[in-house]
Amino acid sequence: MRRSRVLVVVLAALALLVPGLSSASAAPAAPPPPRAPEIGIVTPVVWATPWKADTVQVFGTYRCWGGESIHLWVSVKQGGPDPTAEGSSSTVAAWYDTNVSQDVEVRCNGRWQSKLVDLGRAPADFTGRPLGYLQNGRAWLQFCLVAGEEPGGLLASKNRWVQVVGTGRR
């Protein structure tokens, strides 16, 4: 009789240790919470070449998870009273971005991605006012991961003052 009690206790203890038999392992695990996209390094230089005045390049890193509608938007503005201000596209002297170049491919696999991004020159602002070309010197850069095409879809961004080099213009 004593052996059968010991056997029952041992079997009950084993049943709790075997996956699928305990009540704790019966419930499926909840998926991990989604992680927010991140912007890593954004170089302090915008590269231009004098023979390609309508494009410049910027280097940055990012990572994101899933999200087929996520795209990269990069912008560099120069001149005007304050290129960092909201709506400054209507006051700057020059504006280049990925909406012009369409260089927006993004890989969202949870790994850090390095991207040399081509930016195209906007010939005019939203009102039709003509815009010029970037010149060597200081400019305002925005490097952003955005969801969808709607305003307010900003997921991650890094903004900073950068140096434009290689334009042949001062």
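Note that this is a predicted model, so its numbers are computed, not measured. (Residues numbered from 1 in each chain as written. Predicted model: local features only at pLDDT ≥ 70, side-chain atom pairs only at ≥ 80, totals over all residues. Heavy atoms only, no water.)

**Digging into the overall build of the protein chain**
Then, in step 1: Across its full length, the protein chain carries three helices and eight strands.
Then, in step 2: Reading the protein chain from its N terminus to its C terminus gives the helix and strand order α-α-β-β-β-β-β-α-β-β-β.
Then, in step 3: Out of the 170 residues in the protein chain, the part that is buried amounts to 36%.
Then, in step 4: Within the protein chain, residue pairs in contact and separated by at least 24 positions form 66% of the contacts whose partners lie at least 6 positions apart.
Then, in step 5: For the protein chain, the computed accessible surface area is about 10,500 Å², with 59% contributed by carbon and sulfur atoms. (Helix = DSSP H or I, 4+ residues; strand = E, 2+ residues; numbered from the N terminus. Buried < 20%, exposed > 50% of the residue type's maximum accessible area, 1.4 Å probe, protein only. Contact = heavy atoms within 4.5 Å. Areas by Shrake-Rupley, 256 points an atom, 1.4 Å probe, with all protein chains shown as cover.)

**Some details on the state of the cysteines**
Then, in step 1: In the structure shown here, the tally under the stated rule is one disulfide.
Then, in step 2: One disulfide bridge connects C64 with C108, the sulfur atoms lying 2.0 Å from each other. Where C64 bonds to C108 through sulfur, the torsion about that S-S bond is close to -80 degrees, and the disulfide is left-handed. With C64 in the loop between β3 (55-63) and β4 (70-78) and C108 in the loop between α3 (98-101) and β6 (113-121), the pair connects residues that are 44 residues apart, well separated along the chain. Taken as a pair, C64 and C108 share a single burial class, namely buried. (Disulfide = S-S within 2.5 Å.)

**Observations regarding the side chain of T43**
Then, in step 1: Along the chain, T43 turns up in the loop between β1 (38-42) and β2 (45-48).
Then, in step 2: A relative accessible area of 16% means that T43 is categorised as buried.
Then, in step 3: Once residues within four sequence positions are removed from consideration, T43 is found in contact with F59, L141, R160 and V162.

**Section: the packing of aromatic side chains**
Then, in step 1: Considering all chains together, one arrives at two aromatic pairs under this definition.
Then, in step 2: Judged by centre distance (5.5 Å) and plane angle (75 degrees), the ring pair of W95 and F126 falls under edge-to-face. On the criterion of sequence distance, the pair formed by W95 in strand β5 (residues 94-97) and F126 in the loop between β6 and β7 (137-147) is long-range, its members being 31 residues apart.
Then, in step 3: The class for W95 is buried, based on a relative accessible area of 7%.
Then, in step 4: Where W140 meets W161, the ring centres are 5.2 Å apart and the plane angle is 65 degrees; that geometry is what we call edge-to-face. With W140 in strand β7 and W161 in strand β8 (residues 154-165), this pair connects stretches of sequence that are 21 residues apart.
Then, in step 5: Given the relative accessible area of 13%, W140 is considered buried. (Phe/Tyr/Trp six-rings, centres within 6.5 Å; stacked < 30°, edge-to-face > 60°.)

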